[in-house]
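Fold and contact review
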Amino acid sequence: MNKADWEKHELECINYLQQNFGMDGYIQFKHLGGSDSTKSDIAVYKDRKFLFCMDAKMESSQSGQFVLLPDEKSKTFIFSEANKSELNKEALAIINEMNNNFEKYKSPGTKSILLDINQTISANWITSHYKALKVKFFISKGTDFVIVPIDKFEDYFHIEANYRQKKSGSRNPPQKDLTTIESLLEKGNCIFNQLHFDKSYLNVNISNQKDIFVLGENDKNYQLKRLEQNLYRITKLSSTNNPNVIFQISLKRQQDPDDLEQFKAMLK
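If you're wondering where the values come from, they're calculated on a predicted model, not measured in any experiment. Sequence order as written defines residue numbering, which begins from 1 separately in each chain. For this predicted model, a pLDDT threshold of at least 70 governs which residues receive local features, and a threshold of 80 or more governs which side-chain atom pairs are given and counted, while totals over whole chains, interfaces and linings are taken from all residues. Note that water and hydrogens are dropped before the side-chain values are worked out from all heavy atoms of the structure.

Attention shifts here to the sheet that holds strand β9 (residues 157-167). When DSSP finds at least two bridges between two strands, those strands are taken to pair. Going along the chain from the N terminus, every DSSP run of H or I of four or more residues is numbered as a helix, and every run of E of two or more is numbered as a strand. Strand order in the open sheet formed by five strands is β5-β4-β16-β9-β6, with antiparallel pairing between adjacent strands. What marks the edges here is a single partner per strand, and that holds for β5 (76-79) and β6 (113-114). Sheet topology note: the strand β4 (residues 60-71)/strand β16 (residues 241-251) ladder contains six bridges and is antiparallel. By the bridge assignment for β16, F66 is matched with V245. Packed on one face of the sheet, helix α2 (residues 89-99) meets β4, β5, β9 and β16 and runs near 155° to β5. Where helix α4 (residues 119-131) meets the sheet, it contacts β4, β9 and β16, and its direction lies at approximately 75° from that of β9. Between two residues, a contact is recorded if the distance between any of their heavy atoms is within 4.5 Å. Lines fitted to C-alpha atoms define the axes here, with helix axes fitted over just the stretch in contact, and angles between the N-to-C directions of these axes take values from 0 to 180 degrees.

Here it is, written out as structure tokens:
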């Protein structure tokens, strides 16, 4: 199985949770999000009833980004309507800080501009973003696994906020794209079987291709990533390239036993 590091990490986290805290048929941890940033990674169930969500974070990773557009006329930054998250007081605090230094931040490129903002402001944004996804705990791994209550995010992670141009990422292709994808596969001389959906993911069997490759034309581009042998997952790549506020996080401490007890208590 050829998986990205973040995918491996999520599965390792779920295995750890199930082995240490799961009770078959009673306490269960289910994988949810994958590459979809609008969903949390793990759902926790007790006696088949939903309890809360968790999010898996690698020891060093990104978290909770949003698009912010510079407006030269007003000398301010505008929260994009395309953002999946809401313009709340935490986002406004970041925007206000950037508005006060508009000239410094107004021309982002692909190289990051470090934002001069308090870590608490960044932590408040991140936690508000994940609370909207019903997340109550994060799980990460340094030397050992660490389970973090959402309101203690800043205690466990160092946070660096940056502003730079970034493609919007990828998403699962809709049904209406199937004909286009088949046409691109044929043009790319890919020998393939019928496209098929596995849950919400679009997969295809292709012979003799690279682990990862891209097919596309005009503004429609699709990435194909090998899952195993000839099985590939297809995602649709974004055609937009917008300036984003991006939060780089890194784990800075190990488990507080009291926080682990808080997690266990939520499962009782």
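From this point, things continue past the structure.
What follows deals with the pairing of strand β14 (residues 220-228). In terms of strand pairing, strand β13 (residues 212-217) meets β14 through six bridges, oriented antiparallel. Along β14, the bridge assignment pairs E217 with K220. Turn length for the β13-β14 hairpin, with the two strands adjacent in sequence and antiparallel, is two residues, and the turn residue N218 shows positive phi of about 55°. Relative to strand β15 (residues 231-237), β14 is paired through seven bridges, and the arrangement is antiparallel. What sits directly across from N221, in β15, is L237.

This next bit is on the packing of aromatic side chains. For any two aromatic rings, the description comes down to two numbers: the centre-to-centre distance and the angle of the planes. Stacked, tilted and edge-to-face pairs are distinguished by plane angle, under 30 degrees for stacked and over 60 for edge-to-face with tilted covering the rest, among Phe, Tyr and Trp rings (Trp via its six-membered ring) whose centres lie within 6.5 Å. Following the criterion strictly, the structure yields 16 aromatic pairs and no others. Taking the centre distance of 6.0 Å and the plane angle of 75° together, the rings of Y45 and F50 count as edge-to-face. Three labels apply to residues, based on accessible area from a 1.4 Å probe with only protein chains included: buried if under 20% of the type maximum, exposed if over 50%, partly exposed otherwise in between. Relative accessible area serves as the criterion here: at 22%, Y45 is assigned to the partly exposed category. According to the relative accessible area criterion, F50 is partly exposed, its value standing at 37%. A centroid spacing of 5.4 Å and a plane angle of 40° characterise the contact between F66 and F79, whose relative ring orientation is tilted. One end of the pair, F66, is in strand β4; the other, F79, is in strand β5, with 13 residues separating them in the sequence. Among the aromatic residues, ring-to-ring pairing joins Y16, F21, F52, F137, F145 and F263 into one connected group. We call a charge positioned above a ring when the Lys NZ or Arg CZ atom is no farther than 6 Å from the ring centre and deviates by at most 35 degrees from the ring normal. Here the guanidinium or amino end of K30 rests over the ring plane of Y45, the centre of that ring lying 4.9 Å away.

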